[in-house]
Amino acid sequence: MKNGYTRREALGLGLGAVALATSGVAISAAQTAKKPSPREVDPLPELSKFNEYGNELETSLLLRTSPIAVKMLEKEADIPKEAFRPKRDGGYHIAQCQAFGMSRREGKTVAMLKEDHWCPTALMAYGMVEKPDSMAMWGESFMSFEVGKYIGVVTAPLKSATFMPDVVLIYLNPAQLRGLLLPMMFGGGSSQVSCHLFLPSCGHAVVDPIKTGNYCVVLPDPGEYQRALALEEEMIFAVPREKMQELMAGLKGMGRRYSHRDQYMSMLPDFEQPQFYKDLFKSWGLDSE
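In short, a report on the structure. Per chain, residue numbering runs from 1 following the sequence as it is written. With pLDDT at 70 or above as the cut-off, local features in this predicted model cover only qualifying residues; side-chain atom pairs require 80 or more to be listed or tallied, and sums for whole chains, interfaces and linings still use all residues. Processing note: side-chain calculations cover all non-hydrogen atoms of the structure and skip hydrogens and water entirely.

**Quick notes on the overall build of the protein**
Now for step 1: Counting its secondary structure elements, the protein contains 14 helices and seven strands.
Now for step 2: We call a residue buried when its accessible area falls under 20% of the maximum for its residue type, exposed when it is over 50%, and partly exposed in between, using a 1.4 Å probe and counting protein chains only. Counting across all 289 residues of the protein, residues that qualify as buried make up 49%.
Now for step 3: Excluding contacts between residues fewer than 6 apart, the proportion of contacts in the protein whose partners are at least 24 apart in sequence is 69%.
Now for step 4: Looking at the protein as shown, the accessible area adds up to about 14500 Å², and 54% of this sits on carbon and sulfur atoms. Counting from the N terminus, the helices are the DSSP runs of H or I reaching at least four residues and the strands are the DSSP runs of E reaching at least two. For this analysis, residues touch if any pair of their heavy atoms sits within 4.5 Å. With residues, only the protein chains shown are counted as cover, and all accessible areas are computed by Shrake-Rupley using a 1.4 Å probe.

Laid out in structure tokens, this is it:
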């Protein structure tokens, strides 16, 4: 086996993620993508670097919409001057997922205070109201901020945000998500990723990464599809602020940024096996030629 397949070559040969991990390129990537030392990640990058991250993610992953910078607001003075406030500026209410949609599709900075919301879940998850006892009927509990800690939340495209995000939300398809997750597997960071498949996606995508410090993969809930026009193939990958530098370093460590343009489908019988496949098959007494 040659030392260092491109992703296109690897997929064409049917090597998969395991084969990539054993090649010289991937081994080097794993070493590079391992958790940086405190000296490397401290202090946090400046805001301008986060703006660069937004551009890099959008272009290298071929995202349909912009990654979103999300910041929880403790006081009105924290609201950016350019922020659109639905009730004050538009005379209407929206759901938090719709605010996400405005930021990622239309490039708007949107500030959502209690009076702007038209869906109860974000109000409860962000600690702007008390959870009523009737919430037990939801079946699955969800993490919330302390009641009264925040007065609202502001969102904007990461590439143009004028504030430091607490968490970054990336809406992407499974192929693009895989491109973000593979460097973590090679670098030993897979234990830092949680997954949430149930309601409410606006809560899990914001509250969980901020409180736990872990990455979160979140399935958009029915409200996001119905009211915020999330696509059927979209997932949400939530990144706490402290892990953005690590995430971007892992992508660079792979030698090239992931793009689904590099992938194609080829279903061939008896495809060429890499040597370690052959070694395993021989050890099991199975055909390898």
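**Some points on the side chain of Asn-51**
Now for step 1: Considering the arrangement of structural elements, one finds Asn-51 in helix H5 (residues 47–60).
Now for step 2: Of the residues examined, Asn-51 reaches a relative accessible area of 16% and is grouped as buried.
Now for step 3: Polar contact is the term for a pair of N or O atoms within 3.5 Å; when the atoms are in protein, one must be able to donate a hydrogen and the other to accept it, and sequence-neighboring residues count only if both atoms are side-chain atoms. At 2.9 Å, the side chain of Asn-51 forms a polar contact with the backbone oxygen of Leu-158.
Now for step 4: Among all residues touching Asn-51, those that are not within four sequence positions of it are Leu-158, Lys-159, Ser-160 and Ala-161.

**Some words on the nonpolar core**
Now for step 1: We call a set of buried Ala, Val, Leu, Ile, Met, Phe, Trp, Tyr and Cys residues a nonpolar core when their side-chain atoms join them within 4.5 Å. Within the largest apolar cluster, 32 residues are counted, with the highest numbers of intra-cluster contacts made by Val-70, Met-72, Phe-100, Tyr-126, Phe-145, Leu-169 and Val-206.
Now for step 2: Leu-61, Leu-113, Val-217 and Met-235 belong to the second largest nonpolar core, which has 31 residues in total.

**Focus on a nonpolar patch on the surface**
Now for step 1: Exposure above 30% relative accessible area and the lack of any salt bridge qualify a residue for a patch; like charges then connect within 9 Å, and the nonpolar side chains Val, Leu, Ile, Met, Phe, Trp and Tyr within 5 Å. A pair is scored as a salt bridge if a Lys or Arg side-chain nitrogen falls within 4 Å of a carboxyl oxygen belonging to Asp or Glu. Taken together, Leu-280, Trp-284 and Leu-286 make up a surface patch of nonpolar side chains, about 320 Å² in accessible area.
Now for step 2: For Leu-280, the location among the structural elements is in helix H14 (residues 275–283).
Now for step 3: Classification of Leu-280 as partly exposed rests on a relative accessible area of 38%.

**Brief notes about the packing of aromatic side chains**
Aromatic ring pairs are reported here in terms of the distance separating the ring centres and the angle at which the planes meet.
Now for step 1: Centre distance within 6.5 Å is the pairing criterion for rings of Phe, Tyr and Trp, where only the six-membered ring of Trp is used; planes under 30 degrees apart are then read as stacked, over 60 as edge-to-face, and the remainder as tilted. All chains considered together, the criterion is met by six aromatic pairs.
Now for step 2: Summarising the aromatic geometry, the rings of Phe-145 and Tyr-150 are spaced 5.0 Å apart at their centres and angled 70 degrees between planes, so their arrangement reads as edge-to-face. Like Phe-145, the residue Tyr-150 is buried in the burial classification.
Now for step 3: Relative to Phe-237, the ring of Tyr-215 lies with its centre 5.6 Å away and its plane at 15 degrees, an arrangement referred to as stacked. Of this pair, Tyr-215 sits in strand S6 (residues 215–218) while Phe-237 sits in strand S7 (residues 235–240); the two residues are 22 residues apart in sequence, bridging distant segments of the chain.

**A closer look at helix H7 (residues 96–106)**
Now for step 1: Burial analysis of H7 places eight of its 11 residues in the buried class, the great majority of the element.
Now for step 2: Three or more residues of H7 are buried, namely Gln-96, Cys-97, Ala-99, Phe-100, Gly-101, Met-102, Ser-103 and Arg-104.
Now for step 3: Downstream of H7 by one or two residues, Gly-107 has phi in the positive range, about 75 degrees.

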